[in-house]
Amino acid sequence: MEDIEKYLSEVKKAVRNNRYRIDRNRNRQANIDLFLDYVIDENRAKDILLDLTAEDFSGVLHNEHKGFEHELLYVFGKDVKLLERTGDKEKTVSLYIKFNKLENCYVVVISFHEQRFPLSYYFK
């Protein structure tokens, strides 16, 4: 658990210093959809990232992209209350959050979207 807390501490430092980005390119439609389906902006997304704890940790994956196999991707899940963009309901949304902390302490949030399947949590 200490390793995850240390890793998360470094990630949060990068996020606080705006040394991160949430991927929203054509390969990351689910990330785009989260911002289209719910009232969420960059500040709210940043708050969610800063609110992650070791208990939200689900696992570590190897990057499968050619040339980046040495990179480790950390997966977290977080239940957050978000307001639906169409309608007036606030609902609890289970997020799937996967990121990569690069060697220069820049964080790339690869996945930031609704979970497609329930996660299992390492420390819960």
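You'll find the structure just up there.
Heads up: these notes are all about the structure in this document. Treat the numbers as computed from the prediction; the structure is a model and nothing was measured.

Next up on the list: the overall build of the protein. From N to C terminus, the protein includes three helices and five strands. For the protein, the succession of helices and strands along the chain, N to C, is α-β-α-α-β-β-β-β. Projecting the C-alpha coordinates of the protein onto the three principal axes gives extents of approximately 45 × 35 × 30 Å. A total of 124 residues make up the protein; the buried ones form 42% of that total. Across the protein, the fraction of contacts at a sequence separation of at least 24, relative to all contacts at a separation of at least 6, is 56%. Mean positive and mean negative side-chain charge positions of the protein (21 and 22 charges, respectively) differ by 3 Å.

Side chains of Glu2, Asp3, Glu5 and Glu55 sit close together on the surface and give a patch of like negative charge. Its location among the elements puts Glu55 in the loop between α3 (42-50) and β2 (57-62).

Let us now look at α3. The set of residues buried in α3 consists of Ala45, Lys46, Ile48 and Leu49. Considered in projection along α3, the buried side chains sweep an arc of 160° and stay on one side of the axis. Between the side-chain oxygen at the start of α3 and the backbone nitrogen of Asn43 there is a gap of 3.2 Å, and the oxygen is on Asp41.

So, about the sheet that holds strand β1 (residues 20-22). Pairing between the strands of a sheet comes from backbone hydrogen bonds, and it takes one of two forms, parallel or antiparallel. Taken in spatial order, the five strands make up an open sheet running β1-β5-β4-β3-β2, and their pairing is mixed. Strand pairing shows two members of the sheet lacking a second neighbour, β1 and β2, which therefore form its edges. For this sheet, the mean angle separating the axes of adjacent strands, direction not counted, is 30°. Along the sheet, helix α1 (residues 2-16) contacts β1, β2, β3 (72-83), β4 (90-101) and β5 (107-114); its crossing angle with β4, the most-contacted strand, is approximately 95°.

What counts and how
- Residues numbered from 1 in each chain as written.
- Predicted model: local features only at pLDDT ≥ 70, side-chain atom pairs only at ≥ 80, totals over all residues.
- Heavy atoms only, no water.
- Helix = DSSP H or I, 4+ residues; strand = E, 2+ residues; numbered from the N terminus.
- Buried < 20%, exposed > 50% of the residue type's maximum accessible area, 1.4 Å probe, protein only.
- Contact = heavy atoms within 4.5 Å.
- Lys, Arg positive; Asp, Glu negative; His and termini not counted.
- Charge placed at Lys NZ, Arg CZ, Asp CG, Glu CD.
- Patch = residues over 30% accessible without salt bridge, like charges linked within 9 Å, V, L, I, M, F, W, Y side chains within 5 Å.
- Areas by Shrake-Rupley, 256 points an atom, 1.4 Å probe, with all protein chains shown as cover.
- Salt bridge = Lys/Arg side-chain N within 4 Å of Asp/Glu carboxyl O.
- Arc of directions from axis to C-beta.
- Polar contact = N/O pair within 3.5 Å; in protein donor to acceptor, adjacent residues only side chain to side chain.
- Pairing = 2+ DSSP bridges.
- Axes fitted to C-alpha atoms, helices over the stretch in contact; angles between N-to-C directions.

Treat this as a map of the structure, not an account of what it does.
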